[in-house]
Amino acid sequence: MSATAAPSSPHVMNTYGRLPIALTHGQGCRVWDTEGRAYLDGLGGIAVNTLGHNHPELVPALQDQISKLIHSSNYYHVPGQEQLAAKLTELSGLTNVFFCSTGLEANEAALKLARKFGHDKGIERPEIVVYEAAFHGRSIATLSATGNAKVQKGFGPLVEGFIRVPLNDFDALKKATEGNPNVVAVFFETIQGEGGIHPMRWEYLRQVRQLCDERDWLMMIDEVQCGMGRTGKWFAHQWAGIQPDVMPLAKGLGSGVPVGAVVAGPRAANLFGPGNHGTTFGGNPLAMRAGIETIRIMEGHRLLENAANVGAHLKSALERELGGLKGVKEVRGQGLMLGIELDRPCGVILNRACEAGLLLSVTADSVIRLVPPLILSVAEADEIVSILAPIVKTFLAEPTS
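An unreviewed UniProt entry annotates the protein chain as Acetylornithine aminotransferase of Variovorax defluvii. UniProt, in the comment section headed Pathway (unreviewed entry), describes the protein chain in these words: "Amino-acid biosynthesis; L-arginine biosynthesis; N(2)-acetyl-L-ornithine from L-glutamate: step 4/4."

Visitor: Just give me the short version of the environment of V159, but keep the residues and values in it.
Guide: Tracing the backbone through its elements, the reader meets V159 in the loop between α6 (149–152) and β6 (162–165). C-alpha separation for the pair V159 and G196, spaced 37 residues apart in sequence, amounts to 24 Å. Excluding residues that lie within four positions of it along the chain, V159 makes contacts with R115, I140, A141 and S144.

Visitor: Can you lay out the pairing of strand β7 (residues 183–189) for me, pointing to particular residues and giving the numbers?
Guide: Counting buried residues along β7, seven of its seven residues qualify, which places the element largely inside the surrounding structure. Where strand β5 (residues 127–131) and β7 come together, three bridges link them in parallel fashion. Looking across to β7, one finds that E127 is bridged to V183. Pairing of β7 with strand β10 (residues 218–222) involves five bridges; the strand directions are parallel. The partner of F187 across the bridge, within β10, is M220.

Visitor: Before we move on, could you go through the sheet that holds strand β17 (residues 367–370) and cite the residues and values that matter?
Guide: On the basis of which strands lie adjacent, the open sheet formed by four strands has the order β13-β14-β17-β16 and antiparallel pairing. The open sheet has two edge strands, β13 (328–334) and β16 (361–363), and neither has a second partner. Going across the sheet, the axis of each strand differs from the next one's by a mean of 25°, ignoring polarity. Judged from the six bridges that link them, β13 and strand β14 (residues 337–342) form a sheet pairing that is antiparallel. Paired with G333 across the bridge in β14 is L338.

Visitor: Can you lay out helix α7 (residues 170–177) for me, pointing to particular residues and giving the numbers?
Guide: Of the positions making up α7, those classed as buried are F170, A172, L173 and T177. In an axial view of α7, the angular spread of the buried residues amounts to 160°, which keeps them on one side of the axis. In α7, the exposed positions that point more than 90 degrees away from the buried face belong to D171 and K175. Packing partners of the buried residues in α7 comprise β5, β6, β7 and α8 (202–215).

Conventions and cut-offs
Residues numbered from 1 in each chain as written. Predicted model: local features only at pLDDT ≥ 70, side-chain atom pairs only at ≥ 80, totals over all residues. Heavy atoms only, no water. UniProt positions renumbered as here; feature names shortened; annotations may be inferred. Helix = DSSP H or I, 4+ residues; strand = E, 2+ residues; numbered from the N terminus. Contact = heavy atoms within 4.5 Å. Buried < 20%, exposed > 50% of the residue type's maximum accessible area, 1.4 Å probe, protein only. Pairing = 2+ DSSP bridges. Axes fitted to C-alpha atoms, helices over the stretch in contact; angles between N-to-C directions. Arc of directions from axis to C-beta.

Here is the structure:
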């Protein structure tokens with residue numbers, strides 16, 4: 001790091017363990033800090049910067065929209081909402097969309113939909129199945145649905161009405177819900193992000209879909225991090241050939257402009273009526289333009305195909321360099337959503353990678369997470385490996401305390 005004094009934010013609440021850098025601008029898959037140092041962006045703003053930085057088609061479109069109308073309110077029709085909603089329903093095969101600003105809000109709306117679904121059926125205390133190691137947000141309700149005691153600590157009492165089950169264990173799901181008339185929904189991430197890049201098996205997804213149909217439950221799939229083309233399909237569950245009833249989205253939908261959405265199918269499409277839910281900022285003209293242009297550019301530049309191909313190349317290269325190494329448990333994930341699980345906590349790799357000019361994250365204490373922009377090239381993927389592999393090897397060779 002530079003000898004210059006590290007950036008600080010003394011008037012900002014201390015809610016993040018920040019690295020000692022501040023970024024000023026970016027281009028493509030690279031960003032620069034206040035000292036002029038360049039970094040290869042393997043984090044993409046935590047799976048947000050779909051199109052990288054300063055995209056030559058996105059930026060002029062957003063500038064055009066800013067010069068016209070940034071925000072109006074949902075007292076009025078917003079034409080961009082209908083345009084983006086129509087596209088999302090086309091891509092998903094679902095019915096309609098509620099727009100908000102974040103993934104947390106989208107997941108909150110999904111939980112409200114599930115409860116409304118239950119109450120409309122006469123269920124007084126609806127219950128929702130959720131998963132171990134899941135992460136759905138930090139509001140009280142989404143924190144309660146989250147499967148991480150560490151982030152829940154200090155914020156009890158949590159919201160009731162959740163049944164927690166292990167990942168990819170269909171028998172456990174059936175056993176936990178057998179004979180319970182209050183169950184209304186199953187809620188999960190197709191690939192757990194904050195939980196450590198743990199994918200749902202495709203056959204398991206099909207089994208859950210069938211069970212939801214048999215028992216009249218909503219299948220609610222949190223695609224906030226793994227959706228929007230990151231795995232090589234628009235939504236990660238599409239690899240299993242299924243459709244959810246409710247699908248929260250956010251992160252990559254606006255390429256950095258805050259956009260959240262809940263896409264609903266026929267069983268959930270008409271649960272909300274006027275006054276049941278709402279938002280101030282969600283669905284404003286600027287956010288809608290960002291979503292519309294993001295999808296247009298993704299289609300025009302075949303970024304789903306790029307995510308699949310470059311992601312497969314990156315995963316293969318990581319497996320080749322690290323897969324057989326003592327201390328590396330697994331390289332897993334799909335497309336440009338990859339995790340390298342080590343056999344010990346590895347938070348120091350975050351700092352070491354940053355010092356070497358690579359941005360990434362460590363999640364679930366021992367999983368190195370890579371979620372770069374979907375414009376990543378093969379050459380940039382190779383550069384990630386060339387920077388990261390030596391760091392991991394050096395780390396694993398160090399004595400454990």
